[in-house]
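# Working through the structure, step by step
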Amino acid sequence: MRTGAEYLASLKDGRRVYVDGVAVDDVAHHPAFAPIARTIAELFDLAHGPAFAHDGVNRLFVPPRSREDLTAFRSAATVWAEHTHGWVGRSPDHVGAFAAAFAAHPEAFAERLAPNVVAFQRRVAEQSLYVSYAIVPPQVSRATPASAWEGDLIQVGVAEERADGIVVRGAQMLATGGAVADEILVSCIKPLTAEDTDFAISFAVPVGAAGLKLHCRRPYAPAATSRFDYPLTSRFDETDALLVFDDVFIPWERVFVYRDIAGLRRQFFETGAHVLGNWQAQIRFAVKLRFLAGLARKVAAVNGVDRFPGVVEKLGELASLTSLVESAVLAAEYAAQPDDQGMWRPDAQALYGVMGLQAELYPRVLAILRDLVGGGVLQVPSSVADMTSAETRPDIDRYVHSPGVPAEERVKLFKLVWDAIGSEFAGRHHQYEMFYAGAPFVAKGYAFRNYDFDTALAAVDSFLASYDTETP
Ligand SMILES: Cc1cc2nc3c(=O)[nH]c(=O)nc-3n(C[C@H](O)[C@H](O)[C@H](O)COP(=O)(O)OP(=O)(O)OC[C@H]3O[C@@H](n4cnc5c(N)ncnc54)[C@H](O)[C@@H]3O)c2cc1C
């Protein structure tokens, strides 16, 4: 397994990452990307610990073959998530889990491309790669798929087929972490029509591939003036990027699905990749909710309101919401079954059930936290400089403290809360938790399709059959 330092050194590969109109020369040393690259490097160093060991590779990149493997997967994913307290959504275990499930199901791919998914997973595991993904068409119009859009190949698609591979052109959204990843899995999870076969592709591309450009949204890390003022932004801003492919050559060995609309669905759903990858996402989400519940509990105690019945009720609601996600993670593991290829799949009903609520659950958690902190998050000095200035510090010490909590501790806590609920980083996280697995109607669609309605309907039918007009 490679070290964090090896990962960081590998990032200078000629990648075209754009910020403010110019290409960044070296992401590992640029203020927008260096902090998250360092955090990912820390994860790779952590992976040398016993929780991750599996035949000499990181178990998070290997298909779980037993119930014990699944439990060990959760433990390792939890170690990584706890390192960032869940604030890095697309850590390398997310797409790593997709790659693992692909490789466990070569039969879900066209025969000539199936060896490529096996080689992909082996490369990810043996080289401990950080793979990001972009699997959603750019938001041009959702009224029709891309074949009906004006202009050729706006969504990334096949521009040319060659003997040794394909040339792809167009764009795809939205590679979280793409700027500091090793490779990006590019595909399309949105339903396509028969006219869209040019877009029905899946491949892995090195971020430094010739012709690939990453247009990043505004990075927040450079504006994070200090760790004290922005404790989350300063370490965990993953960045998100629109990918643009200017005729990028993809050798056949890197192609997994080719002009095959049904193959795209099989890739995500028949392989179990969507379930395993999103179970990892819920493991991470549970860790983050625990952190937010802890923040709320601490703020309430510092402000001396934690014994008021109304506040206890709000903290109780937070506890309920957090427990719901924690329990769903465990329920998905408890009800897991091996599939026909021997991969242990977390239970889809438990997983999608809680995922379907995420777009309401996360904003509700933020609303409770906002309610509990009141103006305390604004009653903080402008920056850490006010804490070290002899002119301003005495007022802060005198007026910005709580019983038993000196000013520095209080300010530190409330600045952390602001970075979790109010900063630009926090706003992006709000959007992330609502959309990372698809728009809310998509997530609820998964819940609908995976819930055992047959049993629910049978219960209603049997009850209805138990009486009629003659029943006393
Ligand atoms: C912070 C962040 C990070 C992300 N990271 C990644 C990533 O790493 N990789 C990746 O591939 N993607 C990523 N995404 C993209 C994510 O997958 C998409 O946002 C998601 O699939 C929804 O697509 P959309 O944003 O185009 O929204 P849309 O699908 O355009 O939805 C916008 C609104 O229109 C409604 N709507 C659209 N179509 C319908 C319909 N048919 N019926 C009813 N309502 C409809 C939706 O309900 C929603 O309210 C990220 C998104 C965010 C916000």
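One can find the structure itself at the top, above this paragraph.
Note that the structure is a prediction, hence the values are computed from the model and not measured.

Let us look at the sheet that holds strand 5 (residues 131-134). Pairing is mixed in the open sheet, where 4 strands are placed in the order 5-8-9-12. At either end of the open sheet lies a strand with only one pairing partner, and these are strand 5 and strand 12 (255-257). Ignoring which end each strand starts from, the neighbouring axes of this sheet average 25° apart. Relative to strand 9 (residues 202-206), strand 8 (residues 183-186) runs antiparallel, the two being bridged by 4 bridges. Residue pairing for strand 9: Leu185 is matched across the bridge by Ala204. Contacts from helix 4 (residues 93-104) reach strand 5 and strand 8, with the element oriented near 85° to strand 5. Of the strands in this sheet, strand 5, strand 8, strand 9 and strand 12 are in contact with helix 5 (residues 114-126), which crosses strand 12 at around 125°.

Near the ligand there are 19 residues, and of these Ile135, Arg142, Leu174, Thr176 and Lys190 occur at the shortest range. At 2.9 Å, a side-chain N or O of Gln139 approaches an oxygen atom of the ligand. Here the ligand loses 72% of its free accessible area of 950 Å² to cover by the protein chains. When contributions to the shell around the ligand are tallied by element, the ones reaching two or more residues are strand 5, strand 7 (165-176) and helix 15 (424-435). Here the shell around the ligand takes 4 residues from helix 15, the largest share from any one element.

Turn by turn, an α-helix covers 3.6 residues, leaving residues three or four places apart pointing in a common direction. Across its 13 residues, helix 5 extends 19 Å between first and last C-alpha, which sits within 8% of the 18 Å expected from 1.5 Å per residue. All of the buried residues along helix 5 are Ala114, Asn116, Val117, Phe120, Gln121, Arg123, Val124 and Ala125. In this structure, the buried side of helix 5 is in contact with strand 4 (57-58), helix 4, strand 5, strand 8, strand 9 and strand 12. Ser128, located one to two residues past helix 5, shows a positive phi value of around 40°.

Rules used in this analysis
Residues numbered from 1 in each chain as written. Predicted model: local features only at pLDDT ≥ 70, side-chain atom pairs only at ≥ 80, totals over all residues. Heavy atoms only, no water. Pairing = 2+ DSSP bridges. Helix = DSSP H or I, 4+ residues; strand = E, 2+ residues; numbered from the N terminus. Axes fitted to C-alpha atoms, helices over the stretch in contact; angles between N-to-C directions. Contact = heavy atoms within 4.5 Å. Near = heavy atom within 4 Å. Polar contact = N/O pair within 3.5 Å; in protein donor to acceptor, adjacent residues only side chain to side chain. Areas by Shrake-Rupley, 256 points an atom, 1.4 Å probe, with all protein chains shown as cover. Expected span 1.5 Å × (residues − 1). Buried < 20%, exposed > 50% of the residue type's maximum accessible area, 1.4 Å probe, protein only.

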